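As a plain string of letters, each chain reads:
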Amino acid sequence: MPDTQKKFDVAVIGGGPGGYPAAIKAAQNGLSVALIEANTLGGTCLNRGCIPSKALIANAEVLQKIKDAEEFGISIGTVSFDYAKMVQRKDDVVKKVRTSLEGLIASNRITLFRGYGKFTSERTIKITGQDNLEIYADKTIIATGSEPRSIPAFPFDYKKIHDSTSLLDLTTLPKKIAIIGGGIIGCEFASLYAAFNVEVILIEMMPRILPMESGTVSGFLTKAFQKQGISIETSAMVHSIDSTEAGISVNLAGDKTITADIALVAVGRQLNTTAIGLEKTGVYVQDNGLIKVNDHMETNIAGIYAVGDIASKWWLAHVASHQGLVAGSNAAGIKATMHYNAIPSVIFTHPEIGTVGLSLEQALEAGYAATVSAFPFSALGKSQAAIQTEGFAQIVTDKKTGQILGAQVVGHDASTLVAEMGVAIANELTVESVADTIHAHPTVAEAWMEAALLANETPLHLPPKKKKQD
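Rules used throughout
Residues numbered from 1 in each chain as written. Predicted model: local features only at pLDDT ≥ 70, side-chain atom pairs only at ≥ 80, totals over all residues. Heavy atoms only, no water. Helix = DSSP H or I, 4+ residues; strand = E, 2+ residues; numbered from the N terminus. Rg over C-alpha atoms; globule rule 2.2 N^0.38 Å. Buried < 20%, exposed > 50% of the residue type's maximum accessible area, 1.4 Å probe, protein only. Areas by Shrake-Rupley, 256 points an atom, 1.4 Å probe, with all protein chains shown as cover. Pairing = 2+ DSSP bridges. Salt bridge = Lys/Arg side-chain N within 4 Å of Asp/Glu carboxyl O. Contact = heavy atoms within 4.5 Å. 1 Å grid on protein atoms, 1.4 Å probe; cavity = no way out; pocket = protein on both sides within 12 Å on 5 of 7 lines; lining within 4 Å. Points joined across faces, edges and corners; volume = space filled by probe spheres on them. Nonpolar A, V, L, I, M, F, W, Y, C, P; charged D, E, K, R; others polar.

This paragraph deals with the overall build of the protein. A tally of regular secondary structure across the protein gives 13 helices and 21 strands. For 470 residues, the compact-globule estimate of 2.2 N^0.38 gives 23 Å, and the protein sits close to it at 24 Å. In terms of principal-axis extent, the alpha carbons of the protein reach across some 85 × 60 × 45 Å. In the protein, which comprises 470 residues, the share counted as buried stands at 49%. A total of about 22200 Å² of accessible surface is found on the protein, and carbon and sulfur atoms cover 53% of it.

As a further point, take the sheet that holds strand S8 (residues 176–180). Read from one edge to the other, the open sheet built from 5 strands follows the order S7-S14-S8-S9-S10, with strand pairing classed as parallel. Of all the strands in the sheet, the pair left with one neighbour each is strand S7 (161–162) and strand S10 (231–233). Here S8 runs beside strand S14 (residues 262–265); their pairing, made up of 4 bridges, is parallel. Across the sheet, the residue bridging to isoleucine 180 is valine 265, located in S14.

Before going further, it helps to spend a moment on the pattern of salt bridges. Counted under the stated rule, the structure contains 8 salt bridges. Among the salt bridges present, the one from aspartate 91 reaches lysine 90, with a minimum N-O distance of 2.9 Å. Look at aspartate 91 and you get partly exposed, because its relative accessible area is 34%. Lysine 90 is the salt-bridge partner of aspartate 169, the closest N and O atoms lying 3.7 Å from each other. Remark: lysine 90 occurs in helix H4 (residues 83–107) and aspartate 169 occurs in the loop between helix H5 (164–168) and S8; sequence separation between them is 79 residues. On the basis of relative accessible area, aspartate 169 is assigned to the exposed category, the value being 52%. Salt bridges sharing common partners tie together Lys90, Asp91 and Asp169.

Take the environment of tyrosine 193 next. By the element assignment, tyrosine 193 lies in helix H6 (residues 184–195). The spacing of tyrosine 193 and leucine 173 is 20 residues in sequence and 8.2 Å in space, taken between C-alpha atoms. Sequence-distant contacts of tyrosine 193, defined by excluding residues within four places in its chain, comprise Tyr83, Leu167, Leu170, Leu173, Pro174, Ile177, Val198 and Val200.

Let us now look at empty space enclosed by the protein. All chains considered together, the criterion is met by 1 cavity of 30 Å³ or more. Lining the largest cavity we find Pro148, Arg149, Phe156, Asp163, Ser164, Ile185, Val265, Ala266, Val267, Gly268 and Arg269. When its residues are assigned to classes, the lining of the largest cavity shows 6 nonpolar, 2 polar and 3 charged.

This part takes up the environment of serine 53. Locating serine 53 in the fold gives a position in helix H3 (residues 50–67). By relative accessible area, which is 8% here, serine 53 ends up buried. Between the C-alpha atoms of serine 53 and alanine 363, which are 310 residues apart in sequence, the distance is 32 Å. Dropping the residues within four chain positions of it, serine 53 is found in contact with Leu168 and Glu188.

Here it is, written out as structure tokens:
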């Protein structure tokens, strides 16, 4: 190692939701840590994804509540909003969280390098940017994440054809938007824009939106969207998008054309692994672009770990964070193992969606004697009182053992409600465990207790099933 080269126990490439928790965990275990970030701390999640989009969604939720005020006996008169101020609030929220994160990194005595990190060997990394140097690390954790995928047939111009990043920066709303991709990102933006009175057309090439979710969840959101005035085109293949004087023209298979002011292309992401010098390390990259790791998040090269989008089929910030904690622990010689049986997923549409574990379809495909029990929010006193009766909570159960295999919840505050089932599944609890747990009344969380009672055919606040006559 050259005398001019700085040495660290651990180097982390990428300061997003996978990288910074890995750096903190390694530092907490007494290691010297270098954190390398080419852009802004927090990665896509904090700066271009989770946090800014949820800040705007929070604005939409307040607006919707105000619109519904008459139902609560409250008269407020004419309602208006300033979208530019909403965007400014979004930016302020992001800045505040990022500043807090920078302080957290400093308080853990992590050395932050601002620049692009690229391997020059298994143990050396060249940094170029604001900081320019080469460092040596005994162990490295790769957390470089992903970016919106560019499609050659409709390249982004960031004026009329947007990705999810550029759309967040708009300070004015279009009258009409075409959203290509009915997955999580597409559905969240469809819900957001519809709340601001934008005409929305959601285009999905699969037979239904949210094709990765259960048919029950997808079908419920489809009906909810249609009630909100969102147009949905499924089994629709987009051939191209043309810019016109009036806006854009989306050309579908079958000579069908959809016009709008702007388009959002939300059809996946590309992994940031092609320009970080992996060829210098011998790290194995699979044909799908993912770095192959074991359940300790270690690659085929001892001492090199990978976390987040580049190392998992679960492209979720909280999965990346947990992987970072596992990698940071193992890099410090403390054994930790990653498990994926209870990964919660939240979709911040209106209504919200929360899922964890297996859907009924997945459970049956896996060979379980599975069943599902669902309880509607309309039967809950708290939901009636709050006028939040849209949705349901359901539990997927193994009929032989009573073990909870999965759960899905659609409705108000689903993002919070799903956590209870995450704990249940991670700890292999049965429906009896949930049914026997006293849930506070009146709360929406009672839906889980009611669904558990239904699984045992002992419903409390729904009529019993009619028995077949001999």
